[in-house]
Amino acid sequence: PTAGLETSVNGGVMQICLSRPEKKNAVTFDMYQSWTSMLNKAATDPNIKIVAITGKGDYFSSGNDLTTFTKQMETGVPMQDIVKTARNVLYQFVSAFISFPKTLVALVNGPSVGITVTTLGLYDFVLAAETATFHTPFVTLGQTPEGCSSATFPKIMGPLRANEMLLFNRRLTAREANDWGLVTRVVSKTDFAGECKRLLNEMAQLPPETLVFSKEIMRARDRELLYSVNKMECDRLAERWTSPECIRAITNFLQRVK
Ligand code: COA
């Protein structure tokens, strides 16, 4: 088991729970890599029909762990090697979402930031508690969009709304995210756990092979586009990570929280 991730399989449903509540479920290198291999294994595991992701505690996730670079640098790894690895880890992670053939469900239990918001455009169903918020503060961090959001968000919500989120730092409430098409359904915090269970039980009753073929047909036109968008996003981010704008923003965050 990887620190920060908990998994369970029940009745054909695999649940992956982001479990670093003390860090608002920020996603580390190790977590990206395990999450990727879990998705890739689940893709071909005949005992798994559905994968659902959720978060432990109040947050869904605070996104990418912003201490990753500094922690790696402390171990003496040169910056260019860290960036290269980080780029590949991200690329593989998002590729696993693009190619995942089965039903992928996000159970957004609370606020979500960055990569755990951008990848929502690659899920099949997004259930949110009304305490959830959706924030992609890339530009303020000197970074550019990832998770294929530069393609999925304009398609889902329209280009001007995508600009609000991806360029101008707008944080959405769960209701707004529902109105903008990023969230399928919003339920009260008290009903959330029960609704998750009910939804997954209902989905697990559907014929799994037909679900896979239906998803394949619906996604076929976009698949190549998404792979190329992912590559473009990761290449640009790798360049941004070493930019003065990004280094300054991350340093500010780390100093603020110390
Ligand atoms: N990476 C690393 N650590 C993070 C983190 C992240 N993305 N988000 C939160 N944490 C850590 C904090 O450093 C803090 O650690 P500490 O207790 O050891 O000091 C702990 O989680 C709790 O966070 P804190 O900031 O005290 O909670 P808060 O409720 O005031 O604010 C957030 C929560 C998520 C709004 C705030 O932590 C934040 O803005 N995080 C960065 C989010 C971000 O920009 N992600 C990347 C997007 S591309």
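**A word on the pairing of strand E6 (residues 125–129)**
For a regular strand, side chains alternate in direction, first toward one face of the sheet and then toward the other.
Next up, step 1: Burial analysis of E6 places five of its five residues in the buried class, the great majority of the element.
Next up, step 2: The alternating pattern of E6 places Phe-125, Leu-127 and Ala-129 on one face and Val-126 and Ala-128 on the opposite face, and all of these are buried.
Next up, step 3: Pairing analysis gives three bridges linking E6 to strand E9 (residues 185–187), with the strands arranged parallel. Each residue of the ladder has a partner; that of Ala-128, found in E9, is Val-186.

**Some details on the site of the ligand**
Next up, step 1: Around the ligand, the surrounding shell holds 16 residues, and the nearest of these are Lys-23, Ser-62, Asn-64, Asp-65 and Leu-66.
Next up, step 2: Between Lys-23 and the ligand, the recorded distance is 2.5 Å, taken from a side-chain N or O atom to an oxygen atom.
Next up, step 3: Between a nitrogen atom of the ligand and a main-chain N or O atom of Asn-64, the distance comes to 2.9 Å.
Next up, step 4: Protein chains shield 69% of the accessible area of the ligand, which is 850 Å² for the free molecule.
Next up, step 5: Of the pockets mapped on this structure, the ligand occupies the largest pocket.

**Here we look at the sheet that holds strand E4 (residues 103–108)**
Next up, step 1: Spatial strand order, E1-E2-E3-E4-E6-E9: six strands in an open sheet with mixed pairing. Two strands in the sheet have a free side with no partner beyond their single neighbour: strand E1 (5–10) and E9. Strand-to-strand twist across the sheet, computed as the mean angle between neighbouring axes with direction ignored, equals 20 degrees.

**Regarding a nonpolar patch on the surface**
Next up, step 1: Together, Val-139, Leu-167 and Phe-168 make up an exposed nonpolar region whose accessible area comes to about 310 Å².
Next up, step 2: When its relative accessible area of 46% is taken as the criterion, Val-139 is described as partly exposed.

**Focus: the confidence of the model for the chain**
Next up, step 1: Predicted confidence across the chain gives a mean pLDDT of 96, with 99% of residues reaching 70 or more.
Next up, step 2: Overall fold confidence (pTM) sits at 0.96, and the ipTM for the predicted complex is 0.98.

**Here's the deal with unusual backbone geometry**
Next up, step 1: Of note in this structure, Lys-24 is not a glycine but carries a positive phi near 55 degrees.
Next up, step 2: Of note, Lys-24 is situated in the loop between strand E2 (13–18) and helix H1 (29–44).
Next up, step 3: The exposure class assigned to Lys-24 is partly exposed, which follows from its relative accessible area of 40%.
Next up, step 4: Of note, Cys-148 is a non-glycine position whose phi angle comes to about 70 degrees, a positive value.
Next up, step 5: Structurally, Cys-148 is set in the loop between strand E7 (133–135) and helix H5 (149–157).
Next up, step 6: Accessibility expressed as a relative area gives 0% for Cys-148, which makes it buried.

**Quick look at the layout of surface pockets**
Next up, step 1: Put simply, the largest pocket is a space of about 1,100 Å³.
Next up, step 2: Lining the largest pocket are 45 residues, with Ser-62, Asn-64, Asp-65, Leu-66 and Phe-253 positioned closest to its centre.
Next up, step 3: When residues of the lining of the largest pocket are traced back to their parent elements, those giving at least two are H1, helix H2 (68–74), helix H3 (79–99), E7 and helix H10 (244–257).
Next up, step 4: Among the elements that line the lining of the largest pocket, the one with the most residues is H10, at six residues.
Next up, step 5: In terms of residue class, the lining of the largest pocket is built from 21 nonpolar, 13 polar and eleven charged.
Next up, step 6: Reported here for the second largest pocket is a volume of approximately 710 Å³.
Next up, step 7: In terms of lining, the second largest pocket is formed by 29 residues, of which the most central are Gly-121, Tyr-123, Asp-124, Met-218 and Arg-219.
Next up, step 8: Breaking the lining of the second largest pocket down by element, the ones donating at least two residues are E6, H5 and helix H9 (208–240).
Next up, step 9: Here the lining of the second largest pocket gets nine residues from one element, more than from any other, and that element is H9.
Next up, step 10: Across the lining of the second largest pocket, the residue classes break down as 17 nonpolar, six polar and six charged.

**Section: the packing of aromatic side chains**
Next up, step 1: The final tally for this structure, using the stated rule, is six aromatic pairs.
Next up, step 2: Plain terms: the ring middles of Trp-35 and Phe-93 are 4.9 Å apart, the flat faces sit at 75 degrees to each other, and that makes the pair edge-to-face. Here Trp-35 is found in helix H1, whereas its partner Phe-93 is found in helix H3, with 58 residues between them in sequence.
Next up, step 3: Judged by its relative accessible area of 1%, Trp-35 falls in the buried class.
Next up, step 4: In this structure Phe-93 comes out as buried when scored by relative accessible area, which is 1%.
Next up, step 5: Ring-pair connections join several aromatic residues into one group, and the members of that group are Tyr-32, Trp-35, Phe-93, Phe-97 and Tyr-123.

The rules behind these values
- Residues numbered from 1 in each chain as written.
- Predicted model: local features only at pLDDT ≥ 70, side-chain atom pairs only at ≥ 80, totals over all residues.
- Heavy atoms only, no water.
- Buried < 20%, exposed > 50% of the residue type's maximum accessible area, 1.4 Å probe, protein only.
- Helix = DSSP H or I, 4+ residues; strand = E, 2+ residues; numbered from the N terminus.
- Pairing = 2+ DSSP bridges.
- Near = heavy atom within 4 Å.
- Polar contact = N/O pair within 3.5 Å; in protein donor to acceptor, adjacent residues only side chain to side chain.
- Areas by Shrake-Rupley, 256 points an atom, 1.4 Å probe, with all protein chains shown as cover.
- 1 Å grid on protein atoms, 1.4 Å probe; cavity = no way out; pocket = protein on both sides within 12 Å on 5 of 7 lines; lining within 4 Å.
- Sits in = over half its atoms within 2 Å of the grid points.
- Axes fitted to C-alpha atoms, helices over the stretch in contact; angles between N-to-C directions.
- Patch = residues over 30% accessible without salt bridge, like charges linked within 9 Å, V, L, I, M, F, W, Y side chains within 5 Å.
- Salt bridge = Lys/Arg side-chain N within 4 Å of Asp/Glu carboxyl O.
- pLDDT = per-residue confidence, 0-100.
- Points joined across faces, edges and corners; volume = space filled by probe spheres on them.
- Nonpolar A, V, L, I, M, F, W, Y, C, P; charged D, E, K, R; others polar.
- Phe/Tyr/Trp six-rings, centres within 6.5 Å; stacked < 30°, edge-to-face > 60°.

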